[in-house]
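Residue-level structure breakdown
Each chain, written out:
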Amino acid sequence: MKCFRFIPQRPRSFLRVRLGMAFYSTLRHWLWWRWRKRFASRHSILPCKEAADDFPHVAASHRTPLRRNLSPEDTALQEGKIVNLQLATSRLNGVVVEPGKVFSFWRLIGNPTSGKGYQQGMVLLNGRPSSAVGGGLCALSNLVYWLTLHTPLTVVERYRHSYDVFPDSNRTQPFGSGATCLYNYRDLMIHNSTSQPYLLSVWTDHHYLYGQWRTGQPIVHHYEVYQKEHWITAEIGNAYVRHNTIWRHHYVDEDGKRHTLPDEFVAENHALMMYEPLLEESNQT
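Residues numbered from 1 in each chain as written. Predicted model: local features only at pLDDT ≥ 70, side-chain atom pairs only at ≥ 80, totals over all residues. Heavy atoms only, no water.

Observations regarding the sheet that holds strand 10 (residues 208–215)
Selection criterion: For two strands to pair, DSSP has to find at least two bridges joining them. Only DSSP runs of H or I with at least four residues qualify as helices, and only runs of E with at least two residues qualify as strands; both kinds are numbered from the N terminus onward. The convention used is that axes are lines fitted to C-alpha atoms, helices contributing only their stretch in contact, and that angles between N-to-C directions extend from 0 to 180 degrees. In what follows, residue pairs with any heavy atoms lying within 4.5 Å of each other are defined as contacts.
Judged by pairing direction, the sheet is antiparallel, and its four strands sit side by side in the order 1-10-9-2 without closing on themselves. Pairing within the sheet leaves two strands with one partner each, and these edge strands are strand 1 (57–65) and strand 2 (95–97). Averaged over neighbouring strand pairs, the angle between their axes works out to 20° when direction is ignored. As defined by bridge partners, strand 1 adjoins strand 10 across eight bridges and the pair is classed as antiparallel. Directly across from R63, in strand 10, lies its bridge partner Y210. Across the sheet, helix 3 (residues 75–92) is in contact with strand 1, strand 2, strand 9 (198–204) and strand 10; its angle to strand 9 comes to roughly 155°.

Structural data, given as structure tokens:
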């Protein structure tokens, strides 16, 4: 078990927050411009028919519910989140990431502003539900990250969630297997270090957000993502912090046989719990 100490941060002034956001946003735009030839772009988007023909093999597939059982006051924010996801998926669906190219979540989606049709959706502010234009897009970055962990693609930039909001009673994926996003300096970037292109397919219906990574070659790499270590620590001010490590099994199909490769470390997570640890235990019994 690794040692980790949660240190409460002092509230930063409004001016300091704004200056910091402006600095890192400018730095991100410079990065996108400086290395623009290395990024996958919307110019490589394929129509659905061509995508199905050229990329018939599904390397990874997953879906997540669009709605949660939250309070009635949050219904409008959930519907706004769905509109936001529909707009964002239209920017990502059909993007091809060629060998050597980098997928950038925010570079492809752009700034989610009201002028583009984005609505007020739910976001977490210091671990508490709040609202913001474009809120809810973390559901999409979570999905793309989870899909990527089941492919040979390499995650080169990902930010973990700082807060653990919901107990594990309905969790279908390991804690800490998502990726938070904040335009534009908390990005999700994925490098295609393989020899074949990958196509991202994302869409919604009335109930779910769907995603797939597709390729033109038969799938030989298979992955199982799991939680290897998990512990909870009591911190200053009656706070509890949840920790874990994420790993994955890796199998390769060759010559009609399945070969097991050494397990791969994926990520280490630390998140401030927004509920009592005993609540989690009672929901699991």
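Alright, that's what it looks like, and here's the rest.
Quick notes on the nonpolar core
Considering soluble globular proteins, one finds that nonpolar side chains tend to be buried as a cluster. Worth spelling out the cut-off: The criterion is simple. A nonpolar core is a set of buried Ala, Val, Leu, Ile, Met, Phe, Trp, Tyr and Cys residues joined through side-chain atoms within 4.5 Å. Each residue is placed in one exposure class: buried if its accessible area under a 1.4 Å probe, protein chains only, is under 20% of its type's maximum, exposed if it is over 50%, and partly exposed if it falls in between.
Core analysis: the largest hydrophobic core is formed by 42 residues, its most contacted members being L92, F103, F105, I109, L140, L200 and W213. Those residues in contact with L200 that sit more than four places away from it in its chain are L92, N93, G94, V95, F103, V144, L147, Q212 and W213. Counting residues in each nonpolar core, the second largest holds five residues, with A51, F55, V96 and L199 among its members.

With respect to helix 5 (residues 138–148)
Within helix 5, nine of the eleven residues are buried, leaving the element largely enclosed by the surrounding structure. All buried positions along helix 5 are accounted for by A139, L140, S141, L143, V144, Y145, W146, L147 and T148.

Re the packing of aromatic side chains
Rules: Classification of ring pairs rests on two measures: the distance between centres of Phe, Tyr or Trp rings, Trp counted by its six-membered ring, which must be within 6.5 Å, and the angle between planes, read as stacked under 30 degrees, edge-to-face over 60 and tilted in between.
Under the counting rule described, the total for this entry stands at nine aromatic pairs. Ring centres of Y24 and Y185 lie 6.1 Å apart, and the angle between their planes is 40°; this geometry places the pair in the tilted category. In this pair, Y24 sits in helix 1 (residues 14–34) while Y185 sits in the loop between strand 7 (163–164) and strand 8 (189–191), placing the two residues 161 residues apart along the sequence. Judged by its relative accessible area of 18%, Y185 falls in the buried class.

Topic: the side chain of R242
Counted only if it meets this: Polar contact is defined as a pair of N or O atoms within 3.5 Å, subject to the rule that within protein one atom must be able to donate a hydrogen and the other to accept it, and that residues adjacent in sequence are counted only when both atoms are side-chain atoms.
Relative to the helices and strands, R242 is located in strand 12 (residues 239–254). Residue class for R242 comes out buried when judged on its relative accessible area of 2%. A distance of 3.0 Å separates a polar atom in the side chain of R242 from a polar atom in the side chain of D164. Within the local environment of R242, its side chain forms a polar contact with the side chain of H230, the two groups lying 2.8 Å apart.

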